[in-house]
Amino acid sequence: SLFVHLSCLQGRRDTNQDRVLIHQFNPETILCAVFDGHGGHACADYAATHMVDVLVQDGRLLSDEHVDLREVLRAGLETLETGYARLAQRNDAG
């Protein structure tokens, strides 16, 4: 059995801008991630909301027994960054 616990300390800001994601893909693969707000919650919200879908769409995590997890995560974070940058550009333009 695996037990996961979350503890959070807000700090000096009025609200906690960090986001936490815990997702079990299968019995052997659990993603635990913290997305730091860095002065705002929008990017952390986007990452926590879309990370699992990005990794599932990549396909390697669930289909390749010998997958390089660092490479899958690197590619996933790059995809998130690109997606968030596009969203931010649209919001700035609109």
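Residues numbered from 1 in each chain as written. Predicted model: local features only at pLDDT ≥ 70, side-chain atom pairs only at ≥ 80, totals over all residues. Heavy atoms only, no water.

### Here's the deal with the confidence of the model for the protein chain
The following threshold applies: Each residue carries a pLDDT score, the predictor's own confidence in it, on a scale running from 0 to 100. Helix and strand labels come from DSSP, where a helix needs a run of H or I of at least four residues and a strand needs a run of E of at least two; each type is numbered from the N terminus.
On average, the protein chain scores 86 in pLDDT, and the residues at 70 or more come to 93%. When the elements of the protein chain are averaged for pLDDT, helix α2 (residues 60-63) gives the smallest value, 86, and helix α1 (residues 42-58) the largest, 94.

### Overview of the pairing of strand β1 (residues 19-26)
Which entries qualify depends on this criterion: The pairing criterion is simple: DSSP has to find at least two bridges between the two strands.
Note: β1 against strand β2 (residues 29-35), seven bridges, orientation antiparallel. Within the sheet, the bridge partner assigned to Leu21 lies in β2 and is Ala33. Taking the residues that link successive antiparallel strands as the turn, the β1-β2 hairpin has two residues.

### Section: the packing of α1 against helix α3 (residues 69-93)
Under the convention used in this document: For helices, the axis comes from a line fit to the C-alpha atoms of the stretch in contact; other axes are also lines fit to C-alpha atoms, and the angle between any two N-to-C directions lies between 0 and 180 degrees. The cut-offs work like this: below 35 degrees is roughly parallel, past 145 is roughly antiparallel, 65 to 115 is roughly perpendicular, and the gaps in between are oblique. Each helix crossing is assigned a hand: it is left-handed if the near helix lies turned anticlockwise from the far helix by less than a right angle, otherwise right-handed if that turn is clockwise. What makes two residues a contact is simply this: any of their non-hydrogen atoms within 4.5 Å. Each residue receives one of three labels: charged for Asp, Glu, Lys and Arg, nonpolar for Ala, Val, Leu, Ile, Met, Phe, Trp, Tyr, Cys and Pro, and polar for the others, Gly being one of them.
Relative to each other, α1 and α3 sit at 130°, their axes nearing to 9 Å. Comparing their axes, α3 and α1 come out oblique. Between α1 and α3 lies a crossing whose hand is right-handed. Note on element contacts: α3 touches α1 through Val72, Leu73, Ala75, Gly76, Leu77, Thr79, Leu80, Gly83, Tyr84 and Leu87, opposite Ala42, Cys43, Tyr46, Ala47, His50, Met51, Val54, Leu55 and Asp58. Looking at the contact of α1 with α3, its residues break down into 14 nonpolar, four polar and one charged.

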